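Take a look at the letters that make up each chain.
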Amino acid sequence: MQNERKLTFGEYFERLMIFIGLIIVVGSVQLPLMFIAQGKLSAIGNYAVAAVYLLGFVVAIWLAQYAYRKYGRYEVKKVTWQNVKMIVIAWAGFIVVEILLGNLNKLVYHVTQTDNNQEIQTLLTSNHLTLILMGFTAIFCSPILEETIFRGYLITAFFKSTSKWAPIILSGVVFAFPHMDPDFAHFNVISFLTYAILGCALAYLYITTKNLKVSIGLHFLNNLIAVGGMIASILYM
């Protein structure tokens with residue numbers, strides 16, 4: 001396979017530019033939701049922007065999948081019961097780590113949740129439409145988009161199939177940055193570590209199984225519990 005040979009500088013640069021472009025896409029897909037959250041649009045305007053928002057995710061996922069298939073080692077595999085067990089065990093392990101780091105975050109930074117979760121909760125509470133849209137995309141769309149980019153593309157477009165810990169660590173660290181406050185003055189090391197560990201867990205599952213559906217499954221489960229909990233607290237508080 002061409003991905004197993006040593007890449008030239010030009011090939012690395014091309015793939016890096018594509019990866020940066022995909023990161024920009026990830027950061028851009030949520031923008032339409034901001035307009036709805038402001039509450040200044042008419043009902044028709046809200047639904048039109050909502051359609052653009054959902055279409056943006058479709059296009060973003062298509063672009064990520066295209067890059068993954070063209071430059072990475074794209075494989076189609078079924079999810080086995082062993083894969084499901086791995087997903088549940090990895091999620092349970094991460095929850096323990098998240099609880100420990102969450103308590104440490106309270107002691108050091110005096111915050112009860114990460115900036116990313118706070119932003120999600122703010123959008124969820126804006127109005128019913130943003131709650132539905134954000135809930136749907138966070139649980140179903142973001143796992144597919146982010147896993148395709150941070151695991152599928154990043155790991156297989158830049159690393160050989162025999163590489164393990166280097167892509168796991170890099171994938172985890174790079175995954176953490178888009179989930180942080182863009183203002184470096186508010187940089188939270190513990191929150192960064194939380195997302196980096198999650199990213200590493202996702203990368204470990206992907207590299208171990210060579211099945212992107214498995215890391216998507218863990219990402220889906222994590223978001224389902226986290227965002228589902230936020231939605232439940234909003235609806236029943």
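Keep in mind the model is a prediction, meaning the values are calculated, not measured.

Conventions we followed
- Residues numbered from 1 in each chain as written.
- Predicted model: local features only at pLDDT ≥ 70, side-chain atom pairs only at ≥ 80, totals over all residues.
- Heavy atoms only, no water.
- Helix = DSSP H or I, 4+ residues; strand = E, 2+ residues; numbered from the N terminus.
- Rg over C-alpha atoms; globule rule 2.2 N^0.38 Å.
- Buried < 20%, exposed > 50% of the residue type's maximum accessible area, 1.4 Å probe, protein only.
- Contact = heavy atoms within 4.5 Å.
- Lys, Arg positive; Asp, Glu negative; His and termini not counted.
- Charge placed at Lys NZ, Arg CZ, Asp CG, Glu CD.
- Axes fitted to C-alpha atoms, helices over the stretch in contact; angles between N-to-C directions.
- Parallel < 35°, antiparallel > 145°, perpendicular 65-115°, else oblique.
- Nonpolar A, V, L, I, M, F, W, Y, C, P; charged D, E, K, R; others polar.
- Phe/Tyr/Trp six-rings, centres within 6.5 Å; stacked < 30°, edge-to-face > 60°.
- Patch = residues over 30% accessible without salt bridge, like charges linked within 9 Å, V, L, I, M, F, W, Y side chains within 5 Å.
- Areas by Shrake-Rupley, 256 points an atom, 1.4 Å probe, with all protein chains shown as cover.
- Salt bridge = Lys/Arg side-chain N within 4 Å of Asp/Glu carboxyl O.
- Core = buried A, V, L, I, M, F, W, Y, C linked by side-chain atoms within 4.5 Å.
- Left-handed = near helix turned anticlockwise from the far one by under 90°.
- Expected span 1.5 Å × (residues − 1).

What to know about the overall build of the protein chain
A count of helices and strands for the protein chain gives nine helices and zero strands. Shown N-terminal to C-terminal, the secondary structure of the protein chain runs as helices and strands in the order α-α-α-α-α-α-α-α-α. For 237 residues, the compact-globule formula gives about 18 Å, and the C-alpha radius of gyration of the protein chain, at 18 Å, lands near that figure. Relative to its 237 residues, the protein chain shows a buried fraction of 45%. In the protein chain, 79% of the contacts between residues at least 6 apart in sequence involve partners at least 24 apart. If the 16 positive side-chain charges of the protein chain are averaged to one point and the 11 negative ones to another, these points end up 12 Å apart.

Comments concerning the packing of helix 4 (residues 81-109) against helix 8 (residues 189-209)
Running from N to C, helix 4 and helix 8 cross one another at 170°; their axes reach a closest spacing of 9 Å. Between helix 4 and helix 8, the angle is such that the two are roughly antiparallel. For the pair formed by helix 4 and helix 8, the contact residues are N83, M86, I87, A90, F94, V97, E98, L101, L104, N105, V108 and Y109 on the first element and V189, I190, S191, L193, T194, I197, L198, L205, T208 and T209 on the second. Grouping the amino acids of the contact of helix 4 with helix 8 by side-chain chemistry returns 15 nonpolar, six polar and one charged.

Regarding the packing of aromatic side chains
All chains considered together, the criterion is met by 16 aromatic pairs. Measuring from ring centre to ring centre gives 5.4 Å for Y53 and F57, while their planes differ by 85°; the resulting arrangement is edge-to-face. Highlighted residues: Y53 and F57, both in helix 3 (residues 43-71), separated by four residues, approximately one helical turn. Taking relative accessible area as the criterion, F57 reaches 1% and is therefore assigned buried. For the ring pair Y71 and Y153, a centre distance of 6.3 Å and an interplane angle of 80° mean the geometry is edge-to-face.

Structural notes on a nonpolar patch on the surface
Side chains of F9, F13, L16, M17, I20 and I24 sit close together on the surface and give an oily, nonpolar patch of about 620 Å² of accessible area. With respect to the element layout, I20 can be found in helix 1 (residues 9-28). I20 gets classed as partly exposed once you look at its relative accessible area, which sits at 38%.

Digging into the side chain of S191
Mapped onto the secondary structure, S191 falls in helix 8. Among residues more than four places away in sequence, those in contact with S191 are N105, T114 and M180.

Focus on the pattern of salt bridges
Side chains that differ in sign of charge can pair as their charged atoms come close. Tallied over the entire structure, the rule returns one salt bridge. Here R151 makes a salt bridge to E147, at a shortest N to O gap of 2.7 Å. Here R151 pairs with E147, and both are found in helix 6 (residues 128-158), just four residues apart, close to one helical turn. For the pair R151 and E147, one class covers both residues: buried.

Focus: the nonpolar core
Counting 49 residues, the largest nonpolar core has F19, L124, M134, L145, I149 and Y153 as the members making the most contacts within it. In this view, Y153 contacts R15, I18, F19, L22, A67, Y68, Y71, T148 and F158; residues no more than four positions away in its chain are not counted. Counting eight residues, the second largest nonpolar core, distinct from the first, contains I155, I168, I207 and L212.

Brief notes about the packing of helix 6 against helix 8
Remark: helix 6 packs on helix 8, axes separated minimally by 10 Å, with the N-to-C direction vectors making an angle of 60°. The orientation of helix 6 relative to helix 8 falls into the category oblique. You can see that helix 6 and helix 8 cross each other, and the crossing is right-handed. The residues of helix 8 that touch helix 6, namely those facing E147, R151, G152, I155 and T156, are G199, L202, A203, Y206 and I207.

What about helix 7 (residues 165-176)?
The terminal C-alpha atoms of helix 7 lie 17 Å apart, and with twelve residues this matches the ideal 16 Å at 1.5 Å per residue to within 8%. Every buried residue of helix 7 is listed here: P167, I168, S171, G172, V174, F175 and A176. Next to the buried residues of helix 7 lie helix 1, helix 6, helix 8 and helix 9 (212-236).

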